[in-house]
Amino acid sequence: MSEENKDNDQQINVELSEEMAEGVYSNLAMIAHSNSEFILDFIRLMPGVPRAKVKARIIITPEHAKRLVAALKDNINKYEDQYGPIQNTQDTEPAFNFPISFGGPGGEA
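Notes on the structure follow. In this text, all values refer to a predicted model and were calculated from it rather than measured experimentally. (Residues numbered from 1 in each chain as written. Predicted model: local features only at pLDDT ≥ 70, side-chain atom pairs only at ≥ 80, totals over all residues. Heavy atoms only, no water.)

**Describing the overall build of the protein chain**
The number of helices and strands found in the protein chain is three helices and three strands. Taken across its 109 residues, the protein chain has 7% of its residues classed as buried. Considering only contacts within the protein chain whose residues lie at least 6 apart along the sequence, 30% involve residues at least 24 apart. Looking at the protein chain as shown, the accessible area adds up to about 10,200 Å², and 52% of this sits on carbon and sulfur atoms. (Helix = DSSP H or I, 4+ residues; strand = E, 2+ residues; numbered from the N terminus. Buried < 20%, exposed > 50% of the residue type's maximum accessible area, 1.4 Å probe, protein only. Contact = heavy atoms within 4.5 Å. Areas by Shrake-Rupley, 256 points an atom, 1.4 Å probe, with all protein chains shown as cover.)

Here you go:
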């Protein structure tokens, strides 16, 4: 790496609290946009529950949205190289549909 590039590189220290490190599970995402931002709502649908809750909302600029798409594509390619193709249920089913009772009857012990 040249001296010029070394001077332009910045190191970013990212802090991750224990609570944040646990993450939040989401099985649905809704995306909206305006002329200046993209809004990503991450939602958790639960079987038999008629209301879904937004668990996280992320607001980003259009430039960052485009970078996010590129980073996701790169990571999906790396994942598929290591573990094989990700099956897309939309390829085998006529339409994406989450009925309220998508889990069917409750399990039995």
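**Regarding the packing of aromatic side chains**
Evaluation of the coordinates by the stated rule reveals one aromatic pair. A ring pair is formed by Y79 and Y83, whose centres lie 4.9 Å apart and whose planes are at 45 degrees; its orientation type is tilted. One end of the pair is Y79 and the other is Y83, both in helix α3 (residues 62–83) and four residues apart, which spans about a single turn. Judged by relative accessible area, which is 42%, Y79 ranks as partly exposed. (Phe/Tyr/Trp six-rings, centres within 6.5 Å; stacked < 30°, edge-to-face > 60°.)

**What to know about the layout of surface pockets**
Of the voids in this model, the largest pocket is the one considered here, and its volume is about 360 Å³. Along its surface, the largest pocket is lined by 13 residues, and I31, L40, L68, V69 and L72 are the ones closest to its centre. Looking at the lining of the largest pocket element by element, the count peaks at seven residues for α3. Of the residues belonging to the lining of the largest pocket, the class tally is twelve nonpolar, no polar and one charged. Size it by volume and the second largest pocket reaches roughly 160 Å³. E19, M20, G23, V24, K55, A56 and I58 are the residues that line the second largest pocket. At the level of secondary structure, the elements contributing two or more residues to the lining of the second largest pocket comprise α2 (18–21) and β3 (53–60). Taken together, the residues of the lining of the second largest pocket sort by class into four nonpolar, one polar and two charged. (1 Å grid on protein atoms, 1.4 Å probe; cavity = no way out; pocket = protein on both sides within 12 Å on 5 of 7 lines; lining within 4 Å. Points joined across faces, edges and corners; volume = space filled by probe spheres on them. Nonpolar A, V, L, I, M, F, W, Y, C, P; charged D, E, K, R; others polar.)

**Section: the pattern of salt bridges**
Summed over all chains, the structure comprises three salt bridges. The partner of D41 in a salt bridge is R57, and the shortest N-O contact between them spans 2.6 Å. Linking D41 in strand β2 (residues 38–44) with R57 in strand β3, this pair joins segments that are 16 residues apart in sequence. (Salt bridge = Lys/Arg side-chain N within 4 Å of Asp/Glu carboxyl O.)

**As for the sheet that holds β3**
Strand order in the open sheet formed by three strands is β1-β2-β3, with antiparallel pairing between adjacent strands. Of all the strands in the sheet, just β1 (28–33) and β3 have a single pairing partner and so form its edges. Strand-to-strand twist of the sheet, defined as the mean angle between neighbouring strand axes without regard to direction, takes the value 20 degrees. Where β1 meets β2, six bridges bridge the pair, whose relative direction is antiparallel. Opposite M30, over in β2, you have D41 as the bridge partner. With respect to the sheet, α3 is in contact with β2 and β3, its orientation differing from that of β3 by roughly 110 degrees. (Pairing = 2+ DSSP bridges. Axes fitted to C-alpha atoms, helices over the stretch in contact; angles between N-to-C directions.)

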